[in-house]
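# Residue-level structure breakdown
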2 protein chains.
Amino acid sequence: MLIDQMFIPYSFIEKEASHVEGFSPELALVTIGGGKELEEKLVVRPTSETIVNHMFTKWIQSYRDLPLMINQWANVTRWEMRTKPFIRTLEFLWQEGHTAHATLEEAEKEAMQMIDVYTKFAFEQAAIPVIPGRKSKVETFAGANRTYTIEAMMGDRKALQAGTSHNLGQNFSRAFGTQFMDENGQIEHVWQTSWAISTRFVGGIIMTHGDDAGLMLPPRIAPIQVIIVPIWKKGDEKSAVLEAVDSVQKILKEAGIRVKVDDSELRTPGWKFNHYEMKGVPVRIEIGPRDVTNKSVVVSRRDVPGKQGKEFGVSMEPSVLVNHIKGRLEDIQASLLQKAITFRDSNIIDVSSYGELKEAIAEGKWARGPWSASDADELKVKEETSATIRCYPFEQPEGTKKCFMTGNPAEEVAIFAKSY
Amino acid sequence: MLIDQMFIPYSFIEKEASHVEGFSPELALVTIGGGKELEEKLVVRPTSETIVNHMFTKWIQSYRDLPLMINQWANVTRWEMRTKPFIRTLEFLWQEGHTAHATLEEAEKEAMQMIDVYTKFAFEQAAIPVIPGRKSKVETFAGANRTYTIEAMMGDRKALQAGTSHNLGQNFSRAFGTQFMDENGQIEHVWQTSWAISTRFVGGIIMTHGDDAGLMLPPRIAPIQVIIVPIWKKGDEKSAVLEAVDSVQKILKEAGIRVKVDDSELRTPGWKFNHYEMKGVPVRIEIGPRDVTNKSVVVSRRDVPGKQGKEFGVSMEPSVLVNHIKGRLEDIQASLLQKAITFRDSNIIDVSSYGELKEAIAEGKWARGPWSASDADELKVKEETSATIRCYPFEQPEGTKKCFMTGNPAEEVAIFAKSY
């Protein structure tokens, strides 16, 4: 049995009470194998805490074996009634980390560290200004004591839970008997975390930055950062243009820029312009006969449409060209993030009453307000407005607060929104 | 529906007649999803030709779309009665490539090219001297016209099919209607290939090079090429030793060598020696107080046991040390391959009669001999000796040949062996 195993005996899933309660409506079950009805149904993994603990019991004996930290890229399955590409799919690919520690403090530190890693990735690489915070008890992962989350605002202003990190306490280690001998010879249960981001994040990138012309990829994560399209009409122009294209490609490649040339003669330049716009390539370079003569290129930005985003006469001189293109890629990266921040901030409303929350949600916005009401109240908000608590953000306003629902003192503000 | 989808509608599998015949005894079937009995059973993918063709019919219209070549890393499931870690597992991870071409010639070229890629990888990276060749009709992939294979001899002299490449002809494109318009406006079916290697190859590496002390990894693919173990006894020795260890680590890292230091104080040096031997790390460096004084290190080779593999007084001077370690890593890589070639060649017997074949197989060896007999004869050999045709090797002896079974003329020699 391997830790990354896809089939989990049904009895494993049943061991942790809240885990099975949370996941049982979403399971895909293999009941026939090699032509025969199976004695025990197999669950196609929805997440791997149970199989991980099964293995950890074999791998962990002593405090010397801790912390034990693993990460795997795996596909998981959750049976969904309504699916949406990338965002909610029956099967998805994710990275799932699982750790075991000797103390609660270490586990908590790990869980926080990972939500920080995800937050930095979102801001710095994907240009998505997520809001990190803690989930409400109602929204906490089935089997966790605490769930941390990063919440992203999509172009339609719905929230996307884009990554989570869980402090699992000793819930799974008690269910599976994952124990270790500490430095004093005492037998203890390990403290655990798990954390994941998935292909859903790809959907988040599409829906944060994309427009009607297609994808718009932040340069740092774009597989192709620069597409070069050669343009010629007469046969004798071709070799000079292709020679210049080849030289420009080499210059950019050597500078570490991810560049591609599309010199296919089966498609027109106009078709290629649309194609790579749709694919979200941040920068396009056109090189035609006149550019060859002038030793220059035409540079277009994916994020600035039309003439405004087009620069003529950019020199082919290597150091000038490389600096110019690197500068443009950085501009685009920063501009996408700034645009998303502005959009996000103009769509979060501070509310101090349930009426204000309803109004904000009805307008499609996010509502942020002090909250210390009950789980029942939280579910009532969901029923009446379709909005849920996305998180108690880590960044909290100063001063005393009153719960907008009950008027009681509240320690924190929560963010409510409709979500995917 | 995504091309890398894990669940395949049962009706897809049924479309290609020999495909369903070959795979149906090995399928895992999901029959329950989200608590409900499914209307159509889902097959947990055993291989993806069917789903690939389903998508290719949408992606391919014109000769401009060809060749279409995709590769994916995916887990696949085949229900096995008897499993063996890495070698035969219910679920395994593999790389599967799928291509569509405008002509048979192109498809054949692609299939041959990929078996060449696998052969080179085996020799140059994994130090496994595989024998590339063509499968017999009986052993050809269910749905292919031709299967090319690389066959490796394990330490117990059983054969391991370590990678395959298939020329699928138009079998799947006819079953699924995967068509394109050629340059003359004619509608044609595409010509296809598929090819894969899997985690089974990891088993091949273990069983080719490993010994009683554990793994022995070829340096080029070893995740850790050099393990450094610091040794000190008295408290005041520690800082000087760790400083030297740190400096040696930096020197090797900067030279592009994959190096790890184990300075844990929870384990003894002896425990670490055994541990990294078991993990197959090719080179171990020990640094103790005397080495620090002498500005030298002790270097041990995983592949040469005991004192013979141990060199004292190797200088810490960066250029000397780097050259020395790089040289040792190359020696080990070459030596592992040479050892495996010698072992392989001394265990293949040329046979000219069925009696000789039986004798060779009974001795646990591989038998190579001219073969032009029937499929029925091939199955008879299997029944009587447990040996199967591993391949008709690409490298064929010159001259006329007589089938060792029938005495009829034979165009090729085949290799027979027991296999995993």
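Structure: see above.
The structure reproduced in this document is the subject of the present report. (Residues numbered from 1 in each chain as written. Chains lettered and ligands numbered in written order. Predicted model: local features only at pLDDT ≥ 70, side-chain atom pairs only at ≥ 80, totals over all residues. Heavy atoms only, no water.)

### Observations regarding the sheet that holds strand E17 (residues 348-350) of chain B
Residues and elements named next belong to chain B. Pairing within the open sheet is mixed, and its 10 strands lie in the order E4-E5-E11-E8-E7-E6-E19-E22-E18-E17. The outermost strands of the open sheet, each flanked by one partner alone, are strand E4 (68-77) and E17. The sheet shows a mean angle of 30 degrees between the axes of neighbouring strands, taken without regard to direction. Sheet topology note: the strand E5 (residues 91-101)/strand E11 (residues 191-198) ladder contains 8 bridges and is antiparallel. Opposite Gly 97, over in E11, you have Trp 195 as the bridge partner. This element, helix H4 (residues 104-125), spans E4, E5, strand E6 (131-134), strand E7 (146-153), strand E8 (159-169) and E11 of the sheet and lies at about 10 degrees to E11. Packed on one face of the sheet, helix H11 (residues 354-362) meets E17, strand E18 (366-370) and strand E22 (413-417) and runs near 160 degrees to E18. (Pairing = 2+ DSSP bridges. Helix = DSSP H or I, 4+ residues; strand = E, 2+ residues; numbered from the N terminus. Axes fitted to C-alpha atoms, helices over the stretch in contact; angles between N-to-C directions. Contact = heavy atoms within 4.5 Å.)

### Observations regarding the pairing of strand E22 (residues 413-417) of chain A
Along a regular strand, successive side chains alternate from one face of the sheet to the other. Residue and element names in this part refer to chain A. In terms of burial, E22 is largely enclosed, as 5 of its 5 residues are buried. Of the two faces of E22, the one lined by Val 413, Ile 415 and Ala 417 and the one lined by Ala 414 and Phe 416 are each fully buried. Relative to E22, strand E18 (residues 366-370) runs antiparallel, the two sharing 4 bridges. By the bridge assignment for E22, Ala 367 is matched with Phe 416. Pairing analysis gives 3 bridges linking strand E19 (residues 388-393) to E22, with the strands arranged antiparallel. Paired with Thr 388 across the two strands is Ala 417, which belongs to E22. (Buried < 20%, exposed > 50% of the residue type's maximum accessible area, 1.4 Å probe, protein only.)

### Here we look at the packing of aromatic side chains
For any pair of aromatic rings, the description consists of the separation of the ring centres together with the inter-plane angle of the planes. Going through the model one piece at a time under the given rule, you end up with 18 aromatic pairs over all chains. Pairing Phe 92 of chain B with Trp 94 of chain B gives two aromatic rings, centres 5.7 Å apart and planes at 80 degrees, and the pair type is edge-to-face. On the basis of relative accessibility, which here comes to 8%, the residue Trp 94 of chain B falls in the buried class. Within the aromatic cluster, the residues linked to one another by ring pairs are Trp 371, Phe 404 and Phe 416 of chain A. Sitting above the plane of the Trp 271 of chain A ring, Arg 267 of chain A keeps its charged end 4.3 Å from the centroid. Positioned above the aromatic ring of Phe 12 of chain B is the side chain of Lys 15 of chain B, whose terminal nitrogen or guanidinium carbon lies 5.6 Å from the ring centre. (Phe/Tyr/Trp six-rings, centres within 6.5 Å; stacked < 30°, edge-to-face > 60°. Lys NZ or Arg CZ within 6 Å of the ring centre and 35° of its normal.)

### Quick word on the relation of the copies chain A and chain B
When chain A is fitted to chain B, the best match, at an RMSD of 0.0 Å, comes from turning it 180 degrees and sliding it 0.0 Å along the axis. Interpreted geometrically, this transformation is the action of a two-fold axis. Looking at the rotation axis and the C-alpha trace of chain A, the residue lying nearest is Val 30 of chain A, at 2.1 Å. (Least-squares fit on C-alpha atoms with pLDDT ≥ 70 in both.)

### Here we look at the pairing of E11 of chain B
Residues and elements named next belong to chain B. Burial within E11 is extensive, with 7 of its 8 residues counted as buried. Both E8 and E11 contribute to a ladder of 5 bridges, which runs antiparallel. Following the sheet pairing, Ser 165 is matched in E11 by Trp 195.

In short, the description is geometric, and any link to function would need to be established separately.
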